[in-house]
Protein chains: 2
Amino acid sequence: MAAAQPLKPTDAELEILQVLWQNGPSTVRFVNDELNKTKEVGYTTTLKIMQLMTEKNMVRRDESNRSHVYEALLKEEATQKQLLNKFLDTTFRGSASRLVMQALGSHQTTPEELNQIRELLNKLEGGSK
Amino acid sequence: MAAAQPLKPTDAELEILQVLWQNGPSTVRFVNDELNKTKEVGYTTTLKIMQLMTEKNMVRRDESNRSHVYEALLKEEATQKQLLNKFLDTTFRGSASRLVMQALGSHQTTPEELNQIRELLNKLEGGSK
DNA sequence: AACCAACTACGAAATTATTCGTAATTCATT
DNA sequence: AATGAATTACGAATAATTTCGTAGTTGGTT
């Protein structure tokens, strides 16, 4: 045990991580309530998965209160990057540009976000033009 | 049976679809050989999954020859779009721009591809500037 | 100090996906 | 027309994940 950071979360684990990333350290009750805004899932199911995540060192648990408080140990950006790599590989055969084109083409993006992306493009191309 | 197009392929199915998309209609033997360039997988395993895919109408099978020839029915772009939607949701909470930034930031992209993306940005922003 | 609501622990069932062994079939070659 | 290599069909084992019931624990309130 005591596995290193690069552990790929499953779907259920990722949903829980999202709640923890967005809201900070939380109880099982809170996480389960959040999840139930989207889909029905039993309390003990959420509890169980969070217990497993604790064993895998994906989260840390503060047991000083009766209701344990869980905190994400996996970093959001690093985890996203890792999942992105795999997704890029399996779905787009590694072509980042094709993924980007698809993502931009079929999803709502605000002008501000587009500008951010444009700036990044400028940097990547060497700044000029 | 006779399910509609929007069927989410599993990982193993996606690997097979990639081979079919890249090489056109192929036999199990060919697909299995391709897969084995990357990872070890038994012939009957590949066969079985392709048979299941046939039942799900993900592929069509030409049985006129002894070695059946399988052809992808799912369209590459449509499938990618569908998987992208889900991935975007679960991993980036729906923020396409964050995904794009990550993808561009940490992956090799050629100047030509960057230009393609820039053109798309222009179109999305209303053409000017 | 008994009660009760909320919580944790744990085992096991259910679900989904993957893997493969074995038997049956086919066809080209002898 | 018998042989054998390659193929398909199929059932079942394995694996991975998710789900949840039940039992036990805890701590505040009466």
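Here is what the cut-offs are and how they apply
- Residues numbered from 1 in each chain as written.
- Chains lettered and ligands numbered in written order.
- Predicted model: local features only at pLDDT ≥ 70, side-chain atom pairs only at ≥ 80, totals over all residues.
- Heavy atoms only, no water.
- Contact = heavy atoms within 4.5 Å.
- Buried area = accessible area lost by both parts, 1.4 Å probe.
- Salt bridge = Lys/Arg side-chain N within 4 Å of Asp/Glu carboxyl O.
- Polar contact = N/O pair within 3.5 Å; in protein donor to acceptor, adjacent residues only side chain to side chain.
- Helix = DSSP H or I, 4+ residues; strand = E, 2+ residues; numbered from the N terminus.
- Near = heavy atom within 4 Å.
- Nonpolar A, V, L, I, M, F, W, Y, C, P; charged D, E, K, R; others polar.
- Domains from an automatic or database assignment.

**Notes on the interface of chain B and chain A**
- Opposite the 46 residues of chain B that make contact, chain A presents 45 residues.
- Of the roughly 4500 Å² buried between chain B and chain A on both sides combined, carbon and sulfur atoms contribute 60%.
- When the shortest N-O distance is used, the salt bridge between Arg93(B) and Glu76(A) registers 3.2 Å.
- Linking chain B with chain A are 18 residue pairs in polar contact (both at pLDDT 80 or more), by the criterion used here.
- Among the elements of the structure, helix H1 (11-23), helix H4 (76-92), helix H5 (96-106) and helix H6 (111-125) of chain B are those that each provide at least two residues to the side of chain B that touches chain A.

**Some details on the protein's contact with DNA strand D**
- With respect to spatial proximity, 19 residues lie near DNA strand D, and among them Thr10(A), Arg29(B), Tyr43(B), Arg66(B) and His68(B) are the closest.
- One nitrogen or oxygen atom from the main chain of Gly42(A) is found 3.2 Å from a phosphate oxygen belonging to DNA strand D.
- Measuring from a phosphate oxygen of DNA strand D, one finds a side-chain N or O atom of Thr45(A) at 3.3 Å.
- Contributing elements (two or more residues each) for the surface near DNA strand D: helix H1 (11-23) and helix H3 (43-55) of chain A together with helix H3 (43-55) of chain B.
- The element best represented in the surface near DNA strand D is H3(B), accounting for five residues.
- Partitioned by chemical class, the residues of the surface near DNA strand D number four nonpolar, eight polar and seven charged.

**Re the domain arrangement of chain A**
- Each assigned domain of chain A is listed with its residue range as follows: domain 1 (11-72) and domain 2 (76-125).
- The gap between the C-alpha centroids of domain 1 of chain A and domain 2 of chain A is 28 Å.

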